[in-house]
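Chains, contacts and geometry: an overview
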Amino acid sequence: MRRRLRHPRENTALAVCVAVTGLAVLGAVSRFLSGAPDQPLLLLSIPLLVYFVRGYLHALQRVNGVRITGEQFPEAHRMVREAAEHFGMPHVPEAYVVLGNGVVNAFASGHGQRRYVAINSDLFEVGGRLRDPDALRFVIGHEVGHIAAGHTSFWRQFGISVANVIPGVGSTLGRAQEYTADNHAHAFCPEGRHMLQVLAAGKYLYPDVDFDDIAARAHTDTGFFVLLVNLLSSHPVNTFRFAALADPDRPGRLL
């Protein structure tokens, strides 16, 4: 069965988050029309804050990160270009290596019309010094997948801004988006799914991790507190995330 790229519950979760933000904005408008003097500031502060944070974060990568180009890290640059082409994107996003300080992470964002991915050096090393290009290719497919799926647009970020501060609401959309990005990565480089093992055990121990064992525990390691941890997390817990990649017939578990 061909794996569906977008998680089937993502758009529903997005609609809920946008509705929450919309109700907050409508409430502010109503109070403004009733004569509350502070409401215009509230209405303007949310989009301005989203714009400022996105612009600041982009500038931070540009001035501190190492730009991935055809001359600098050419293999990774080729992966970014190929991922964009694979997903039918009209433009290749910028890409940066940023100092990880031991943190294994990567993210995608944007500012204005520009989109970019940033990969922490500790994760980038998996495809470089540790010579596992498939794992790096999966990471890049995941982050470019976020961009291809529309997760990095300003209007989307503004639309979910209020919901993001409510526990369990914005995080549920976040988990759906992560499953969607994982599906993009799997479509781009299925042989690189073991990259999730890096997230579970780190960049040195991951070759000894049993992917299927973690995936199987999604059906045995359950209970109230497991579900609570998952509910409050912006990313699916590892057992659910591994299980979603192991079984293309079932979408990742949100709750």
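On a predicted model such as this, the values are computed, not experimentally measured, just so you know.

Conventions adopted
Here the residue numbering is sequential within each chain, running from 1 through the sequence in written order. Given that the model is predicted, a residue must reach a pLDDT of at least 70 before its local features are reported, and side-chain atom pairs must reach 80 or more before they are shown or counted; all residues, however, enter totals for whole chains, interfaces and linings. By convention in this description, side-chain values take in all heavy atoms of the structure and omit both hydrogens and water. Each salt bridge in this description consists of a side-chain nitrogen of Lys or Arg and a carboxyl oxygen of Asp or Glu lying within 4 Å of one another. For the exposure calls, accessible area comes from a 1.4 Å probe over protein chains only, and a residue counts as buried if that area is under 20% of its type's maximum, exposed if over 50%, partly exposed in between. In this description a helix means any DSSP run of H or I spanning at least four residues, a strand means any run of E spanning at least two, and both kinds are numbered starting from the N terminus. For two strands to count as paired, DSSP must find a minimum of two bridges between them. Whether two residues touch is decided by their heavy atoms; if any such pair falls within 4.5 Å, the residues are in contact. Each axis is a line fitted through C-alpha atoms, and for a helix only the stretch in contact is used; angles between axes span 0 to 180 degrees, taken between their N-to-C directions. Whether two aromatic rings pair depends on their centres lying within 6.5 Å, for rings of Phe, Tyr and Trp, where Trp uses its six-membered ring; planes under 30 degrees apart make the pair stacked, over 60 edge-to-face, and the rest tilted. To estimate the expected span of a helix, subtract one from its residue number and multiply by 1.5 Å. In what follows, roughly perpendicular refers to angles from 65 to 115 degrees, roughly parallel to angles under 35, roughly antiparallel to angles over 145, and oblique to any angle outside these ranges. Should the near helix be turned anticlockwise from the far one by less than a right angle, the crossing is left-handed, and should it be turned clockwise, the crossing is right-handed.

**Quick word on the pattern of salt bridges**
Going through the model one piece at a time under the given rule, you end up with 13 salt bridges. For E10, the salt bridge is made with R6, and the minimal N-O distance between the two is 2.7 Å. Exposure remark for R6: the relative accessible area of 27% places this residue in the partly exposed category. K203 is paired through a salt bridge with D122; the nearest N and O atoms lie 3.3 Å apart. Of the two residues, K203 is situated in the loop between α8 (195–201) and α9 (211–216) and D122 in helix α4 (residues 121–127); the sequence distance between them amounts to 81 residues. Considered together, K203 and D122 belong to a single accessibility category, that of buried residues.

**Observations concerning the sheet that holds strand β2 (residues 94–98)**
The strand order across the open sheet formed by four strands is β1-β2-β4-β3, and the pairing between neighbours is mixed. Whereas interior strands pair on both sides, the edge strands pair on one side only; in this sheet they are β1 (66–67) and β3 (106–111). Relative to strand β4 (residues 114–120), β3 runs antiparallel, the two sharing six bridges. Each residue of the ladder has a partner; that of H111, found in β4, is R114. Lying over the sheet, helix α5 (residues 133–148) contacts β3 and β4, oriented at roughly 150° with respect to β4.

**Observations concerning the packing of aromatic side chains**
One pass over the structure, following the stated rule, counts ten aromatic pairs. Taking 6.2 Å as the distance between ring centres and 55° as the angle between the ring planes, the aromatic pair formed by F87 and F188 counts as tilted. Taken together, the residues span a long stretch of sequence, with F87 in the loop between α3 (74–86) and β2 and F188 in helix α7 (residues 170–188) at a distance of 101 residues. For the pair Y96 and Y116, a centre-to-centre distance of 6.3 Å together with 80° between the ring planes defines the contact as edge-to-face. In this pair, Y96 sits in strand β2 while Y116 sits in strand β4, placing the two residues 20 residues apart along the sequence. Each member of the pair, Y96 as well as Y116, carries the same accessibility label: buried. Grouped by ring-pair contacts, the aromatic residues Y96, F107 and Y116 constitute a single cluster.

**So, helix α1 (residues 10–33)**
Taking 1.5 Å per residue as the helical rise, α1 with its 24 residues ought to reach 34 Å, and the 34 Å between its terminal C-alpha atoms agrees with that figure. Buried within α1 we find E10, A13, L14, C17, T21, G27 and A28. Positive backbone phi, at 105°, marks G35, one or two positions downstream of α1.

**Concerning unusual backbone geometry**
Phi angles above zero are rare outside glycine, and F73 is one such case at about 55°. Along the chain, F73 falls in the loop between β1 and α3. You can call F73 partly exposed: its relative accessible area is 36%. Notably, N101 is not glycine yet its phi reads approximately 50°, a positive angle.

**Some words on the packing of α3 against α5**
Close contact between α3 and α5 brings their axes to 9 Å; oriented N to C, the two are set at 45°. Judged by the angle between their axes, α3 and α5 are oblique. Relative to α5, the crossing made by α3 is right-handed. Mapping the contact onto sequence places E75, A76, R78, M79, V80, E82, A83 and A84 in α3 and P133, L136, R137, I140 and V144 in α5.

Honestly, that's just the spatial picture; any functional story needs more than this.
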